[in-house]
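Take a look at the letters that make up each chain.
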Amino acid sequence: MTQARLMDGTALARRIVEETAKRAADLTERTGSAPCLATVLVGEDPASVTYVRMKRNRCRTAGITSRHVPLPADTTTEQVVATLRELSADPGVHGILLQHPMGPHIDERAAFEAIAPQKDVDGVTFASFATMSFGLPGFVSCTPGGIMRLLDEYGVDPAGRRAVVVGRSAILGKPAGMLLLARDATVTYCHSRTTDLSAAVREADIVVAAVGRPRLIRGQDVKPGAVVIDAGYSPGNVGDVDFDSAVERASLITPVPGGVGPMTIATLLEQTVDAAARQLGV
Ligand code: NAP
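Every value quoted in this text rests on a predicted model; they were computed, and no experiment measured them.

### Concerning the overall build of the protein chain
Stage number 1. Tallying secondary structure elements over the protein chain gives 10 helices and nine strands in all.
Stage number 2. Relative to the 2.2 N^0.38 estimate, which gives 19 Å for 282 residues, the radius of gyration of the protein chain is 19 Å and therefore close to what a compact globule would have.
Stage number 3. Considered along the principal axes of its C-alpha atoms, the protein chain spans approximately 55 × 40 × 35 Å.
Stage number 4. Residues classed as buried in the protein chain amount to 49% of the 282 residues present.

### Digging into the side chain of Ser 48
Stage number 1. Here Ser 48 shows up in helix H2 (residues 46-61).
Stage number 2. Looking at Ser 48, its side chain comes within polar contact range of the side chain of Asp 45, at 2.9 Å.
Stage number 3. When neighbours within four sequence positions are excluded, Ser 48 is seen to be in contact with Leu 41, Gln 99 and Pro 101.

### Re the layout of surface pockets
Stage number 1. In this structure, the largest pocket encloses a volume near 1,300 Å³.
Stage number 2. Taken together, 41 residues make up the lining of the largest pocket; nearest its centre are Tyr 51, Thr 143, Ala 231, Tyr 233 and Thr 264.
Stage number 3. Looking at the lining of the largest pocket element by element, the count peaks at seven residues for H2.
Stage number 4. Residues of the lining of the largest pocket, tallied by class, amount to 19 nonpolar, 15 polar and seven charged.

### Describing the pattern of salt bridges
Stage number 1. Using the criterion set out here, one finds 11 salt bridges in the structure.
Stage number 2. The closest approach of N and O atoms between Asp 205 and Lys 223, which form a salt bridge, is 2.8 Å. Taken together, the residues span a long stretch of sequence, with Asp 205 in the loop between helix H8 (197-202) and strand E7 (206-209) and Lys 223 in the loop between E7 and strand E8 (227-230) at a distance of 18 residues.
Stage number 3. The exposure class of Asp 205 is buried, given its relative accessible area of 17%.
Stage number 4. The network of salt bridges with common partners includes Arg 202, Arg 218 and Asp 221.

### Details of the domain arrangement of the protein chain
Stage number 1. Looking at the assigned domains, one finds that the protein chain contains domain 1 (32-118) and domain 2 (142-260).
Stage number 2. For domain 1 and domain 2, the distance between their C-alpha centres works out to 29 Å.

### With respect to the UniProt feature "domain: Tetrahydrofolate dehydrogenase/cyclohydrolase catalytic" (unreviewed entry) in the protein chain
Stage number 1. Residues given the UniProt feature "domain: Tetrahydrofolate dehydrogenase/cyclohydrolase catalytic" (unreviewed entry) here are residues 7-122.
Stage number 2. The span residues 7-122 carries 50% helix and 16% strand; its end-to-end C-alpha distance comes to 23 Å.

### Brief notes about the packing of aromatic side chains
Stage number 1. Evaluated as defined, the whole model comprises zero aromatic pairs.
Stage number 2. Directly above the aromatic system of Phe 126 lies the positively charged group of Arg 109, at a separation of 4.5 Å from the ring centroid.

### Some remarks on the site of the ligand
Stage number 1. Residues in close proximity to the ligand total 20 residues, the closest being Arg 168, Ser 169, Ser 192, Tyr 233 and Thr 264.
Stage number 2. Residue Ser 169 places a side-chain N or O atom 2.5 Å away from an oxygen atom belonging to the ligand.
Stage number 3. Within the side chain of Ser 192, one N or O atom sits 2.5 Å away from an oxygen atom of the ligand.
Stage number 4. Isolated, the ligand exposes 930 Å² of accessible area, and the fraction of that covered by the protein chains is 69%.

### Observations concerning the environment of Ser 169
Stage number 1. Within the secondary structure, Ser 169 is located in the loop between strand E5 (162-166) and helix H7 (173-182).
Stage number 2. For the pair Ser 169 and Ala 11, spaced 158 residues apart in sequence, the C-alpha separation works out to 27 Å.
Stage number 3. In this structure Ser 169 touches Lys 174 and Pro 175, once residues within four positions along its chain are discounted.
Stage number 4. At a separation of 3.2 Å, a polar atom in the side chain of Ser 169 contacts the main-chain amide nitrogen of Leu 172.

### Some points on the sheet that holds strand E9 (residues 252-253)
Stage number 1. Spatially, the six strands line up as an open sheet ordered E1-E9-E8-E7-E5-E6, and their pairing is parallel. Edge positions in the sheet fall to strand E1 (5-6) and strand E6 (186-190), since each of these pairs with one other strand and no more.
Stage number 2. Of the pairings in the sheet, the one linking E1 to E9 comprises two bridges and is parallel in character. Bridge pairing in E9 places Arg 5 opposite Leu 252.

What counts, and at which threshold
- Residues numbered from 1 in each chain as written.
- Predicted model: local features only at pLDDT ≥ 70, side-chain atom pairs only at ≥ 80, totals over all residues.
- Heavy atoms only, no water.
- Helix = DSSP H or I, 4+ residues; strand = E, 2+ residues; numbered from the N terminus.
- Rg over C-alpha atoms; globule rule 2.2 N^0.38 Å.
- Buried < 20%, exposed > 50% of the residue type's maximum accessible area, 1.4 Å probe, protein only.
- Polar contact = N/O pair within 3.5 Å; in protein donor to acceptor, adjacent residues only side chain to side chain.
- Contact = heavy atoms within 4.5 Å.
- 1 Å grid on protein atoms, 1.4 Å probe; cavity = no way out; pocket = protein on both sides within 12 Å on 5 of 7 lines; lining within 4 Å.
- Points joined across faces, edges and corners; volume = space filled by probe spheres on them.
- Nonpolar A, V, L, I, M, F, W, Y, C, P; charged D, E, K, R; others polar.
- Salt bridge = Lys/Arg side-chain N within 4 Å of Asp/Glu carboxyl O.
- Domains from an automatic or database assignment.
- UniProt positions renumbered as here; feature names shortened; annotations may be inferred.
- Phe/Tyr/Trp six-rings, centres within 6.5 Å; stacked < 30°, edge-to-face > 60°.
- Lys NZ or Arg CZ within 6 Å of the ring centre and 35° of its normal.
- Near = heavy atom within 4 Å.
- Areas by Shrake-Rupley, 256 points an atom, 1.4 Å probe, with all protein chains shown as cover.
- Pairing = 2+ DSSP bridges.

See the structure below:
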């Protein structure tokens, strides 16, 4: 068996960001307003600070302005909700990103639901989940949206194929499965209570690993010729898939880093420009 081909998320994300930058420049010229993403960060968790900084830097390179709203760690749910409602009503803001996790004292769902659906460019609200699941116009959760773009780029049609999604979080596993289902895959979800993960993975034509457990998926469980998408990330640039053994059996595989990761921010930027275009009526 030959080694799997790598799915290069860095290259695809670069092309998406270039295209997004062109659309942002065109929109700015036609309307006099640049697309604007508001970023809201509660507290100063170092990883979250870094993620928000990265997202704002990428906005800048794509001609998207960003408005950063840092809130102290002891901010209450009510205060976060009030901030998000203000941003939702502000015509100068086209997209809103609420960085999470936010700390156990905040009702994360209440906070997400304070984001107006037309500005939910990170795809975290109930409304976005519903439109995504029904295949209606709206915003998708960024990492699953990026995964689908990667599959399309490499000519993988999910229709009729068995997809196994390992992980069922609201921002990653669950929406990834819904997007695959919407594209006519036969979808199985696995999670921490799944009794025989190996057996489920062995059935998969497409595996999406979205757990956060280093090298949980082993090559011996990958069906020969399967497409392996590793969305997991643990410190030290380690994914959820044991790459060295899986690459020997898969037909296509995402590296970590450089696979799914860059696609998340590219999708966020693209959806911010989509939101601005809709709100500015162009
Ligand atoms: P999460 O909220 O912690 O969810 C993890 C999921 O994995 C849960 O559904 C959990 O099951 C399941 N799980 C845990 N242990 C398992 C096991 N032994 N076998 C099978 N399933 C198991 O995590 P998340 O936010 O979805 O993130 C998952 C990973 O993706 C992390 O590594 C994260 O860093 C990465 N990530 C990457 C990006 C990106 O841009 N590339 C974006 C977001 C997240 P239960 O539901 O039963 O608890």
